[in-house]
Every structure is written in structure tokens, then in C-alpha cells.
Amino acid sequence: MRDELVAYLVDLVRATRTHESVLVGQDRAPRKSLIMAARAYAAMSGRDFVTPRRHQDDAVPVLEHRLILRPEFEIEGLSIAEVIRQILQQIAVAK
């Protein structure tokens with residue numbers, strides 16, 4: 001996997017720790033899960049490369065169960081999936 005994609009994942013996971021609505025963000029483990037999921041999907045698709053789009057598609061299911069929102073944001077009805085989508089929009093996609 002290209003260094004740019006790994007850096008993108010580092011930025012993505014790091015952003016979960018600094019987002020205003022997140023009480024408990026991610027550690028390094030989800031980054032490895034995102035890499036494995038993307039590689040597996042590429043292999044099943046007959047490709048020997050991973051695309052940034054794949055990481056975006058995998059982000060919600062891989063990260064969703066690992067974040068804890070601040071209670072005031074949960075009360076307002078914000079979902080963890082929405083927070084992850086917001087973070088994805090904020091992080092520059094690897095080229």
C-alpha cells in the first residue's frame with residue numbers, strides 16, 4: 001500500500017480523537033483493520049492495489065463500533081456514522 005494511503009488513514013484515525021462530538025476516539029488498531037479490509041476487497045475484486053475510495057467506504061463499518069460520542073451530541077440525535085462521514089469530508093483524500 002502506498003505511503004500516501006497510509007498517511008491518509010493515520011489522519012483519519014487521528015481526527016476521531018479530536019472531533020468535537022467524540023468522547024473516546026480511536027487508537028492505532030482501526031488503522032490496521034482499515035488496511036486489511038481494503039486489501040481483502042481489492043483481492044476479491046481481482047486488483048493488486050487499494051484505492052482511497054475503498055477506505056472511505058470501509059470507514060463507517062470499521063470505525064462505527066469503536067467511537068463513543070459525548071452525551072450532549074447523542075441527546076441531539078447525532079449518530080456515530082454521521083460523525084465519521086463528517087470526518088471523511090474534512091480529511092484530504094490521498095491521491
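A few points on the structure.

The rules behind the values
- Residues numbered from 1 in each chain as written.
- Predicted model: local features only at pLDDT ≥ 70, side-chain atom pairs only at ≥ 80, totals over all residues.
- Heavy atoms only, no water.
- Helix = DSSP H or I, 4+ residues; strand = E, 2+ residues; numbered from the N terminus.
- Contact = heavy atoms within 4.5 Å.
- Expected span 1.5 Å × (residues − 1).
- Buried < 20%, exposed > 50% of the residue type's maximum accessible area, 1.4 Å probe, protein only.
- Arc of directions from axis to C-beta.
- Patch = residues over 30% accessible without salt bridge, like charges linked within 9 Å, V, L, I, M, F, W, Y side chains within 5 Å.
- Areas by Shrake-Rupley, 256 points an atom, 1.4 Å probe, with all protein chains shown as cover.
- Salt bridge = Lys/Arg side-chain N within 4 Å of Asp/Glu carboxyl O.
- Core = buried A, V, L, I, M, F, W, Y, C linked by side-chain atoms within 4.5 Å.

As a further point, take the side chain of Ser21. Relative to the assigned elements, Ser21 resides in the loop between helix 1 (3–18) and strand 1 (22–24). Residues in contact with Ser21, not counting those within four places in the same chain, are Leu69, Arg70, Phe73, Leu78 and Val83.

Compared with an ideal rise of 1.5 Å per residue, which puts 16 residues at 22 Å, helix 1 spans 23 Å between its outermost C-alpha atoms and is within 8% of the ideal. Every buried residue of helix 1 is accounted for by Leu5, Tyr8, Leu9, Val10, Leu12, Val13, Ala15 and Thr16.

Listed in full, the buried residues belonging to helix 5 (residues 80–90) are Ala81, Val83, Ile84, Ile87 and Leu88. Looking straight down helix 5, one finds its buried side chains confined to an arc of 160°; they lie on one side. The outward face of helix 5, more than 90 degrees from its buried face, is lined by the exposed residues Gln89 and Gln90. Buried residues belonging to helix 5 abut helix 1, strand 1, helix 3 (52–63) and strand 2 (68–69).

On the surface, a cluster of nonpolar side chains totalling about 250 Å² of accessible area is made up of Leu23, Val24 and Ile68. Tracing the chain through its elements places Ile68 in strand 2.

Residues Leu12, Leu63 and Ile84 are the most contacted members of the largest nonpolar core, which totals 20 residues. Elements supplying a minimum of two residues to this core: helix 1, helix 2 (29–44), helix 3 and helix 5. In terms of residues, this core owes the most to one element, helix 5, which gives five residues. Filtering out sequence-adjacent residues up to four positions away, Leu12 remains in contact with Leu34, Ala59, Leu63, Ile87, Leu88 and Ile91.

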